[in-house]
Amino acid sequence: MNDAQLLDSPLQDGAISFARSYVKSDAFMTLFREGMGLVEQTASYLDGDGRKESAALPREVALTYATESMRLTTRLMQIASWLLVQRAVAEGEMTAEQARAEHNKVKIADPISAPASEIYAQLPQSLRDLMDHSLRMQARIRRLEEQMTGAAPQEPRANPVQDQLAGLKARLGL
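Residues numbered from 1 in each chain as written. Predicted model: local features only at pLDDT ≥ 70, side-chain atom pairs only at ≥ 80, totals over all residues. Heavy atoms only, no water.

1. Some points on the overall build of the protein
- When helices and strands are tallied, the protein shows nine helices and zero strands.
- The order of helices and strands in the protein, counted from the N terminus, is α-α-α-α-α-α-α-α-α.
- In the protein, which comprises 174 residues, the proportion classed as buried is 36%.
- Intrachain contacts of the protein at a sequence separation of at least 6 include 74% that bridge at least 24 residues.
- For the protein, the exposed area adds up to about 10600 Å²; of that, 55% sits on carbon and sulfur atoms. (Helix = DSSP H or I, 4+ residues; strand = E, 2+ residues; numbered from the N terminus. Buried < 20%, exposed > 50% of the residue type's maximum accessible area, 1.4 Å probe, protein only. Contact = heavy atoms within 4.5 Å. Areas by Shrake-Rupley, 256 points an atom, 1.4 Å probe, with all protein chains shown as cover.)

Structural data, given as structure tokens:
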């Protein structure tokens, strides 16, 4: 059974498809509002207090701030896209096949390793809170996507570039 059939039909055991029932549930709408609220909260922070806070950071931490704010923005755009597509399917504005095509264009990315703990601790608390919230939401959506498609969870892939950078930073004492 392909993903579109899974979204459009009952599961093989006759139970109502998790995907079909979930996107029409109050739980989904709560998740939707939380996700969109997080997008708005992050945009407000990055355009306001975040600019002021980043300007006061030491150069190395400011670079990490810029990197993490870009990662945060990208992660939230992926989350918002997923939520909007799911809502469109629930409201009949999009078929499951169209939704699958959209998901193939913008996938919820694998989690990226966090910055070194000593630098992470120097980032403004507001940014860290937004990062943590977005990572928790990303994990929830990945689990939902796995349940909806029947895909088995994948082991996180090693990032050789990050491993090399971490090794260099350790040797240089950064």
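2. As for the environment of threonine 149
- Within the secondary structure layout, threonine 149 lies in helix α8 (residues 125–149).
- Distance in space between the C-alpha atoms of threonine 149 and arginine 100 is 9.9 Å, their sequence separation being 49 residues.

3. Quick word on the packing of helix α5 (residues 59–90) against α8
- Viewed as axis vectors pointing N to C, α5 and α8 meet at an angle of 35°, and their least axial separation amounts to 10 Å. You can see that α5 and α8 cross each other, and the crossing is left-handed. Listed contacts from α8 to Tyr65, Glu68, Leu72, Arg75, Leu76, Gln78, Ile79, Trp82, Leu83 and Gln86 of α5 are Leu127, Leu130, Met131, Ser134, Leu135, Met137, Gln138, Ile141, Leu144, Glu145 and Met148.
- When the residues that make up the contact of α5 with α8 are grouped by side-chain class, the tally is 14 nonpolar, four polar and three charged. (Axes fitted to C-alpha atoms, helices over the stretch in contact; angles between N-to-C directions. Left-handed = near helix turned anticlockwise from the far one by under 90°. Nonpolar A, V, L, I, M, F, W, Y, C, P; charged D, E, K, R; others polar.)

4. Details of helix α3 (residues 26–47)
- If you check α3, its first and last C-alpha atoms are 31 Å apart, about what 22 residues at 1.5 Å a residue would give, namely 32 Å.
- The backbone nitrogen of alanine 27 lies 3.4 Å from a side-chain oxygen of the residue at the head of α3, namely serine 25. (Expected span 1.5 Å × (residues − 1). Polar contact = N/O pair within 3.5 Å; in protein donor to acceptor, adjacent residues only side chain to side chain.)

5. A few points about the nonpolar core
- In terms of nonpolar packing, the biggest core is built from 29 residues, with Leu31, Trp82, Leu83, Leu127 and Ile141 touching the most fellow members.
- The greatest single-element share of this core, amounting to nine residues, is contributed by α5.
- Beyond its immediate sequence surroundings of up to four residues, isoleucine 141 is in contact with Leu31, Ile79, Trp82, Leu83 and Ile108. (Core = buried A, V, L, I, M, F, W, Y, C linked by side-chain atoms within 4.5 Å.)

6. Describing the pattern of salt bridges
- Here the structure, examined in full by the defined rule, presents four salt bridges.
- Measuring nitrogen to oxygen at the nearest pair gives 3.2 Å for the salt bridge that ties glutamate 34 to arginine 140. With a gap of 106 residues between them, glutamate 34 in helix α3 and arginine 140 in helix α8 connect regions that are remote in the sequence.
- On the accessibility criterion, arginine 140 (31% relative accessible area) is partly exposed.
- Between aspartate 47 and arginine 51 there is a salt bridge; the shortest N-O distance is 3.4 Å. For the pair aspartate 47 and arginine 51, a shared accessibility class is recorded, and that class is exposed. (Salt bridge = Lys/Arg side-chain N within 4 Å of Asp/Glu carboxyl O.)

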